[in-house]
Amino acid sequence: PATALSVKLPGRAGEPMEISTRGRTFRVTRLGGTGDAVEHRQAASFYGRTQLWAAAGPAQRTGGRMLAQRIEEYDILEGGATHRASYRIELPAGISGLRDTGEYLEFCDGEGGPPVLRMHYPQVRDASGTARTGVVGLRGVSAVAGGNGRFVAAGTLEAELSVDLAGLQGPLVVDPGWSSTGGLATARRYHTAT
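This report concerns the structure included in the present document. Computed from a predicted structure; not experimentally measured.

**Considerations on the overall build of the protein**
A tally of regular secondary structure across the protein gives zero helices and 17 strands. Burial analysis of the protein (194 residues in total) assigns 41% to the buried set. A sequence separation of at least 24 residues applies to 56% of the contacts in the protein between residues at least 6 apart. Carbon and sulfur atoms provide 49% of the accessible area of the protein, an area that totals close to 9,900 Å².

Structural data, given as structure tokens:
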């Protein structure tokens, strides 16, 4: 539980979500969202008919918060050329380093300390099961010289997630997510003991 995510989902789309882990609280706001959370269930909250937040794996709700190792956002689309979603991320004190691994962003203690939270790149899947990974663009950060995917941020930054939808057959599900760094958040497929 100390390394799990304690998440307070927004009451309305466009309001901040709070993600607490390891004694730190991140505030994440999806920019441009509107609408009430129309339904809350044990491990999911629905915002209209085409957006929801849900825990990936075991979760529990207590006192208006969800406790899980990973939380996912799902946008359900009929099609299109490109899907974009922008987020304002307010960093807690002491978190100033970011590391881009190509699959997720890690928010680190200090500029080069251990990761505290991960933001996963968006993935889209279509009706036939075809999957594609998107990209993340950052504003409000500075690249670390020679840092190879390392950045520094102070206070607040913006992340724009985009994924190409061309050639995919609807309905489509776009799925970015957040996970704890306390352990393996989701099982790996086809692992081997070497």
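**What about unusual backbone geometry?**
Across the junction of Gly170 and Pro171, the peptide omega takes the value 0°, indicating a cis bond. Here Pro171 lies in the loop between strand S16 (150-164) and strand S17 (172-180). Even without a glycine there, the phi angle at Arg22 is positive, about 55°. When you line up the elements, Arg22 lands in the loop between strand S2 (17-21) and strand S3 (24-30). Judged by relative accessible area, Arg22 falls into the partly exposed class, the value being 38%.

**Some details on the pairing of strand S11 (residues 95-100)**
Burial runs high along S11: five of the six residues are buried. Note: S11 against strand S12 (residues 104-109), five bridges, orientation antiparallel. Bridge assignment links Asp100 to a residue of S12, and that residue is Leu105. Where S11 folds back on S12, the antiparallel hairpin that results is connected by three residues, among which Gly102 adopts a positive phi of roughly 95°. As paired elements, S11 and S16 share three bridges and run antiparallel to each other. Each residue of the ladder has a partner; that of Gly97, found in S16, is Val152.

Each value, and the rule that gives it
- Residues numbered from 1 in each chain as written.
- Predicted model: local features only at pLDDT ≥ 70, side-chain atom pairs only at ≥ 80, totals over all residues.
- Heavy atoms only, no water.
- Helix = DSSP H or I, 4+ residues; strand = E, 2+ residues; numbered from the N terminus.
- Buried < 20%, exposed > 50% of the residue type's maximum accessible area, 1.4 Å probe, protein only.
- Contact = heavy atoms within 4.5 Å.
- Areas by Shrake-Rupley, 256 points an atom, 1.4 Å probe, with all protein chains shown as cover.
- Pairing = 2+ DSSP bridges.

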